[in-house]
Amino acid sequence: LYFSISGGVAKHQGKISAGNCSDYVDKNYEVVVMQFEELGFDNIVTIDLDDAGLFWNKDGTVESVSIAGNSSFESIHYFYPTDKVIISYH
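Attention in this report is confined to the structure presented alongside it. (Residues numbered from 1 in each chain as written. Predicted model: local features only at pLDDT ≥ 70, side-chain atom pairs only at ≥ 80, totals over all residues. Heavy atoms only, no water.)

Brief notes about the side chain of H90
Argument step 1. Mapped onto the fold, H90 is located in the segment after β3 (85–89).
Argument step 2. For H90, a relative accessible area of 5% translates into the label buried.
Argument step 3. Here H90 is in contact with D48, L49, D51, A52, N57, K58, D59, G60, T61 and E63, once residues within four sequence places are set aside. (Helix = DSSP H or I, 4+ residues; strand = E, 2+ residues; numbered from the N terminus. Buried < 20%, exposed > 50% of the residue type's maximum accessible area, 1.4 Å probe, protein only. Contact = heavy atoms within 4.5 Å.)

Things to note about the packing of aromatic side chains
Aromatic ring pairs are described here by two measures, namely the spacing of the ring centres and the angle between the planes.
Argument step 1. Throughout the structure, instances matching the rule amount to five aromatic pairs.
Argument step 2. On the basis of an interplanar angle of 55 degrees and a centroid distance of 5.5 Å, the ring pair of F36 and F41 is categorised as tilted.
Argument step 3. Members of the aromatic cluster, connected to one another through ring pairs, are Y24, F36, F41, F73 and F79. (Phe/Tyr/Trp six-rings, centres within 6.5 Å; stacked < 30°, edge-to-face > 60°.)

Focus: the side chain of S88
Argument step 1. In this structure, S88 sits in strand β3.
Argument step 2. A residue is classified by how much of its surface remains accessible, and S88, at 11% relative accessible area, is buried.
Argument step 3. Apart from the residues within four sequence positions on either side, S88 is in contact with I47, L49, T61, V62, E63 and S64.

Remarks on the sheet that holds β3
Argument step 1. Spatially, the three strands line up as an open sheet ordered β1-β3-β2, and their pairing is mixed. A single partner strand is all that each edge strand has here, and the edge strands are β1 (44–48) and β2 (62–67). Neighbour to neighbour, the strand axes of the sheet diverge by 15 degrees on average, direction disregarded.
Argument step 2. Of the strand pairs in this sheet, β1 and β3 are connected by five bridges, and their pairing is parallel. Its bridge partner lying in β3, I47 is registered against S88.
Argument step 3. Most of the contacts of helix α2 (residues 29–39) go to β3, to which it runs at about 170 degrees, and overall it touches β1, β2 and β3. (Pairing = 2+ DSSP bridges. Axes fitted to C-alpha atoms, helices over the stretch in contact; angles between N-to-C directions.)

A look at a nonpolar patch on the surface
Argument step 1. Together, L54, F55 and W56 make up an exposed nonpolar region whose accessible area comes to about 490 Å².
Argument step 2. Inspection of the secondary structure puts L54 in the loop between β1 and β2. (Patch = residues over 30% accessible without salt bridge, like charges linked within 9 Å, V, L, I, M, F, W, Y side chains within 5 Å. Areas by Shrake-Rupley, 256 points an atom, 1.4 Å probe, with all protein chains shown as cover. Salt bridge = Lys/Arg side-chain N within 4 Å of Asp/Glu carboxyl O.)

Focus on the nonpolar core
Argument step 1. With 17 residues, the main nonpolar core has F36, F41, V65, I67, F73 and I87 as its most contacted residues.
Argument step 2. Of all the secondary structure elements, the ones that give two or more residues to this core are α2, β2 and β3.
Argument step 3. Counting residues per element, this core draws most heavily on α2, which supplies four residues.
Argument step 4. If near-sequence neighbours (up to four positions away) are discounted, F36 is found in contact with A18, Y24, F41, I44, V65, I67, F73, V85 and I87. (Core = buried A, V, L, I, M, F, W, Y, C linked by side-chain atoms within 4.5 Å.)

As structure tokens, this is what we get:
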């Protein structure tokens, strides 16, 4: 039992879970950037889709988030703090 618990902890050591990608959609992008900084990510890029006001796109809200190219991450996924986080917003 000790080895399985120890091995599980070591597997994620130094990595960060950001929760579920869907948790960030429609939130203010500046708040989401701060949340990722607080989690420990240090390679955060924002992309303004420049489509606010079109259809139902509310200004400054997150469309999607990807970490290390993964845009469908869940709380079971772990990433290095240096992995690129891309936050696309309206």
